[in-house]
Structure formats: structure tokens, C-alpha cells
Amino acid sequence: MSASPPTAPSGVDWGIGRYEHTAAQLMPAARVVVDHAELVEGEHVVDIGCGTGNAALMAAVRGARVTGVDPATRLLDVARDHASVQGLYATFVAGSADALPIDDGAADVAMSVFGVVFAPDAVAAAAEMARVTAPDGRIVFSAWIPEGPISESGRVAAEAIHRALDAPARQPFAWHDRGALAGLFETHGFEVEIAEKTHTFTASSPAAYIAWEFESHPLWIAGRALLEPRGEADDVRARALEILEAGNEDPAGFRVTSRYIVAMARRRQGR
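Residues numbered from 1 in each chain as written. Predicted model: local features only at pLDDT ≥ 70, side-chain atom pairs only at ≥ 80, totals over all residues. Heavy atoms only, no water.

**Some thoughts on helix α4 (residues 73-86)**
Turn by turn, an α-helix covers 3.6 residues, leaving residues three or four places apart pointing in a common direction. A rise of 1.5 Å per residue sets the reference length of α4, with its 14 residues, at 20 Å; its end C-alpha atoms lie 20 Å apart and thus fit the reference within 8%. The first or second residue beyond α4 is G87, which carries a positive phi of 70°. (Helix = DSSP H or I, 4+ residues; strand = E, 2+ residues; numbered from the N terminus. Expected span 1.5 Å × (residues − 1).)

In C-alpha cells:
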């Protein structure tokens, strides 16, 4: 999942637009999460918010039995196509993070690459991840640290969206914070450790980056549907571009580094 915007109208269909472009950008981060999971051949991996299948298919390459879960049926079809082209076997099913279509204790690894962090109910999503994880299994996921140009540009859009909805901005759960995660998972008997990583977003220019996001990313498209009738979409886009230009690390193109964490949760010994 992209880092922008951090919140969006409820019920967004992640199948709209061309999320495939964002998924390709996030391939390195998916690889980091899969590496962190230390998969053993034959383990059952459940990839939550699997999107186009980045992490799920990496796990399949390493010999895991994979079930990808996502609410966007179009993205599941894309993931199935990718599996077919690569000659890999994986199962992809529709479902949400707070109601996983997986049996109790069926997953050796419950995994998510910037997917579960978009769940509207963090408590319910954590409970589901714990429910499907085997007693000796593990939960591994990534979450953006909410700072830097990508996050800030997304925040501008989110604030405009909430004004359009005449609703207070919802404070997202701090999936990046170890203390918050400990409180979320300890009730299920899990201990949590995190490792900090970085991911680089690139494009030919800041304008090219924001143009693609604005026209193709599901969250931006959903936001535009609210902002354009109010005549606010162009202003939000311009402000987001200003932020990206100010934070650009490559004067000859576009490069922005964003920080994120990879969390590993295991059940405490003796449970």
C-alpha cells in the first residue's frame, strides 16, 4: 500500500484506478517483510491485504503454502494472473482484515505489507491476526512512520477530505509505535519487536509522481470524487506537489525516502 494519503473515505474500493503501479514501487518493501518472516518451506502464509500479490508470490517462491486475502476483487484477479505467469501456486480469496476467511490457528505466518494498517478497526484486525496464527506461529507486518514528504502530502489530502465530509479527522492507530503495538497484541499473548527500515519513492520529477498518484491511486481517486465538486481538488494537488518539491532529494528527478517499521509478534513462552 502507498503511503499517501494516510486516511480516506470509508469503503474505498482499492480496485479502482491502477494500484498495480504503486504495488510495483513497493516491491522492495515486500521483499524486506518476507525476508523478516524467515519462512520455512511448507509453512502456511496468510498475506493480509495482499493486493496484486507482491509478498504472497515471494513467499510462494520460497516454498510456502500461500493464501492471499484482500477486499478488492480486481486486485485478486491481478494477483492470480501474476501467479499464473510466474508458474506459482497460491490461493487468493476475498476478505477483510477484521473478518479473515481463515480457520483458527491455520497460519504459520500472518503477514501484511502496508495492508492491515489501513483496517478501520485496529483492535479487530489484531484480534483476527492473532486468531488465525498457529500457537507457535508469528505475525509479521510493515507500517509507515508518519513523517516526511510523502506522509505530509497525504495528510493535506486527508484533511481536505474530512472537511468535505464535515467530519473530524480520525486519528489513525499508531501501527508504527512499539508501545502501541504491545498494548494491541499483549491481550492475545503476543510479544512484539520492531525493526526500522527505509523505502525510496522515485519518478522522473515531483510533478510526474503526483500526477500518477492523483490519476491512478485508489485513495487519491476516492478523494477526488469528494473534492472536485467543491472545486478543491486542484488546490490540494498543488499543495501536495509543493511539499514533494520541497522534500525532493534528487534535483535531476524525484527521490523521497520514507521510513517504516517491520513488526514481528510471537506468543509469549508458556502460552
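**A word on the pairing of strand β7 (residues 254-267)**
By the bridge criterion, seven bridges tie strand β5 (residues 133-144) to β7 in an arrangement that is antiparallel. Within the sheet, the bridge partner assigned to R138 lies in β7 and is R266. By the bridge criterion, 14 bridges tie strand β6 (residues 190-203) to β7 in an arrangement that is antiparallel. Across the sheet, the residue bridging to A203 is F254, located in β7. (Pairing = 2+ DSSP bridges.)

**Re helix α3 (residues 54-61)**
Summarising burial for α3: seven of the eight residues are buried, a large majority. Listed as buried for α3 are N54, A55, A56, L57, M58, A59 and A60. Immediately beyond the C-terminal end of α3, within one or two residues, lies G63, with a positive phi of roughly 95°. (Buried < 20%, exposed > 50% of the residue type's maximum accessible area, 1.4 Å probe, protein only.)

**Section: the packing of helix α2 (residues 27-37) against α3**
When two helices pack together, their arrangement is given by the angle between the helix axes and the distance between those axes. Viewed as axis vectors pointing N to C, α2 and α3 meet at an angle of 50°, and their least axial separation amounts to 9 Å. What the angle tells us is that α2 and α3 run oblique. Between α2 and α3 lies a crossing whose hand is right-handed. Contacts between α2 and α3 involve M27, A30, R31 and V34 from the former and N54, A55, M58 and A59 from the latter. Looking at side-chain class alone, the contact of α2 with α3 contains six nonpolar, one polar and one charged residues. (Axes fitted to C-alpha atoms, helices over the stretch in contact; angles between N-to-C directions. Parallel < 35°, antiparallel > 145°, perpendicular 65-115°, else oblique. Left-handed = near helix turned anticlockwise from the far one by under 90°. Contact = heavy atoms within 4.5 Å. Nonpolar A, V, L, I, M, F, W, Y, C, P; charged D, E, K, R; others polar.)

**What to know about the sheet that holds strand β1 (residues 44-48)**
An order of β3-β2-β1-β4-β5-β7-β6 is seen for the seven strands of this open sheet, with the pairing classed as mixed. Only two strands of the sheet have a single partner each, and these edge strands are β3 (91-94) and β6. Taking the axes of each pair of neighbouring strands and ignoring which way they run, one obtains an average angle of 20° across the sheet.

**Considering the pattern of salt bridges**
Taken as a whole and judged by the stated rule, the model has 13 salt bridges. A salt bridge links E20 to R18; its shortest N-O distance comes to 3.3 Å. Using a relative accessible area of 46% as the deciding quantity, one classes R18 as partly exposed. We note a salt bridge from E193 to R178, for which the minimum N-O separation is 3.2 Å. Residue E193 is located in strand β6, and its partner R178 is located in helix α7 (residues 178-185); the two are separated by 15 residues in the primary sequence. (Salt bridge = Lys/Arg side-chain N within 4 Å of Asp/Glu carboxyl O.)

**Points about the nonpolar core**
Buried together is how nonpolar side chains tend to be arranged in soluble globular proteins. Ranked by internal contacts, the top residues of the largest apolar core, which has 56 residues, are L39, V45, V66, F92 and M111. In this structure V45 touches L39, A59, A64, R65, V66, T67, V109 and M111, once residues within four positions along its chain are discounted. Formed by 29 residues, the second largest nonpolar core is a distinct cluster that contains M129, L184, F185 and F190. (Core = buried A, V, L, I, M, F, W, Y, C linked by side-chain atoms within 4.5 Å.)

**Here's the deal with the packing of aromatic side chains**
What the rule picks out here adds up to ten aromatic pairs. Taking 5.2 Å as the distance between ring centres and 75° as the angle between the ring planes, the aromatic pair formed by F173 and W175 counts as edge-to-face. Aromatic ring contacts, followed pair by pair, group F114, W144, F201, Y209, F254 and Y260 into a single cluster. (Phe/Tyr/Trp six-rings, centres within 6.5 Å; stacked < 30°, edge-to-face > 60°.)

**As for the environment of I221**
Here I221 shows up in helix α9 (residues 218-227). Considering only alpha carbons, one finds I221 and W14, 207 residues apart in sequence, at a separation of 9.8 Å. Not counting residues within four places of it along the chain, the set of residues in contact with I221 comprises I16, G17, F214, E215 and S216.

**Let's talk about unusual backbone geometry**
Backbone geometry at E38 places phi at a positive 50°, although glycine is not the residue there. By the element assignment, E38 lies in the loop between α2 and β1. A relative accessible area of 56% places E38 in the exposed class. The residue F114 is not glycine, and still its phi comes out positive at about 55°.

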